[in-house]
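Now for the letters of each chain:
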Amino acid sequence: MTTDTIAAIATAPGAGGIGIVRVSGPGALPILEKLFAPAGKGGYKPWILRRGRVQDTEGNTLDDSLAVFMPGPKTFTGGRCGREFQCHGGPVLLAAVLEACLCAGARLAERGEFTRRAFLNGRMDLTQAEAVAEMIAAPSKEAQGLQPPNSTACLGSASPGCGTAWSTCGRRSALPWTSLRKKWNASRRKVSSPPSRT
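The model shown is predicted, which means the values in this text are computed figures rather than measured ones. For every chain, the first residue of the written sequence is number 1, and numbering continues from 1 onward in sequence order. Only residues with pLDDT of at least 70 are given local features in this predicted model, and only at 80 or more are side-chain atom pairs given and counted; all residues enter the totals for whole chains, interfaces and linings. Excluding hydrogens and water, the side-chain figures rest on all heavy atoms present in the structure.

### A short note on helix 4 (residues 126-137)
Worth spelling out the cut-off: Secondary structure is summarised from DSSP: a helix means a run of H or I of at least four residues, a strand means a run of E of at least two, and numbering begins at the N terminus for each. A helix is expected to span 1.5 Å for every residue after the first. For each residue, the accessible area found with a 1.4 Å probe, counting protein chains only, is set against the maximum for its type, and the residue is called buried under 20%, exposed over 50%, and partly exposed in between.
Compared with an ideal rise of 1.5 Å per residue, which puts 12 residues at 16 Å, helix 4 spans 17 Å between its outermost C-alpha atoms and is within 8% of the ideal. Within the sequence span of helix 4, burial applies to Thr127, Gln128, Ala129, Glu130, Ala131, Val132 and Glu134.

Dropping the structure here:
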């Protein structure tokens, strides 16, 4: 379904300076208002970060963080509403913030669900969605350079009318993705090959 509200930790596993919990769906703004106590007065302005305290559903403070509200349809997923908590990047802390979002009415997003929603809502075609996944999984700088999400190599960008039809039926372009995939796979083999001992 694309009408329910989903949440997930958007940053990579492990500890870091900053961690992001993303929420998308019609219930995103109510969840933000329930779990975030902004510093100062005034309402939420779209695309403007606000500092405040993120808390659980019982009002216990979890972190001093930033939050942003993103109204649809100009969100990554193209949905009605999106928002993010930008917290300190401790795994336990991020898990607590995510749990608070789930207790407030969101459900845990499936793997790749944000990108899938973007595809289903027409924010990207199938080749662009694939490029996002391959860019994230790129094993080297060379391979990453082949996978820009909005690349003109995408069929939808190169030929909008054709791209719509191909996206609808779920096919992939044979050109130029065939040559790009060969280069990408070659770079993967180069990186993954063990060093010579001779």
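### Comments concerning the pattern of salt bridges
What counts here: Here, a salt bridge means any Lys or Arg side-chain nitrogen found within 4 Å of an Asp or Glu carboxyl oxygen.
Inspection of every chain in the model, using the stated rule, returns eight salt bridges. The residue Arg107 makes a salt bridge to Asp4 at a minimum N-O spacing of 2.5 Å. Residue Arg107 is located in strand 7 (residues 107-108), and its partner Asp4 is located in the segment before strand 1 (6-9); the two are separated by 103 residues in the primary sequence. Arg107 sits in the partly exposed class, given a relative accessible area of 26%. We note a salt bridge from Arg117 to Asp4, for which the minimum N-O separation is 2.6 Å. Linking Arg117 in helix 3 (residues 113-120) with Asp4 in the segment before strand 1, this pair joins segments that are 113 residues apart in sequence. The exposure class assigned to Arg117 is buried, which follows from its relative accessible area of 3%.

### Focus: the environment of Phe69
Tracing the backbone through its elements, the reader meets Phe69 in strand 5 (residues 61-71). A relative accessible area of 12% places Phe69 in the buried class. Each C-alpha atom, one on Phe69 and one on Glu84, is 7.0 Å from the other, the two residues being 15 residues apart in sequence.

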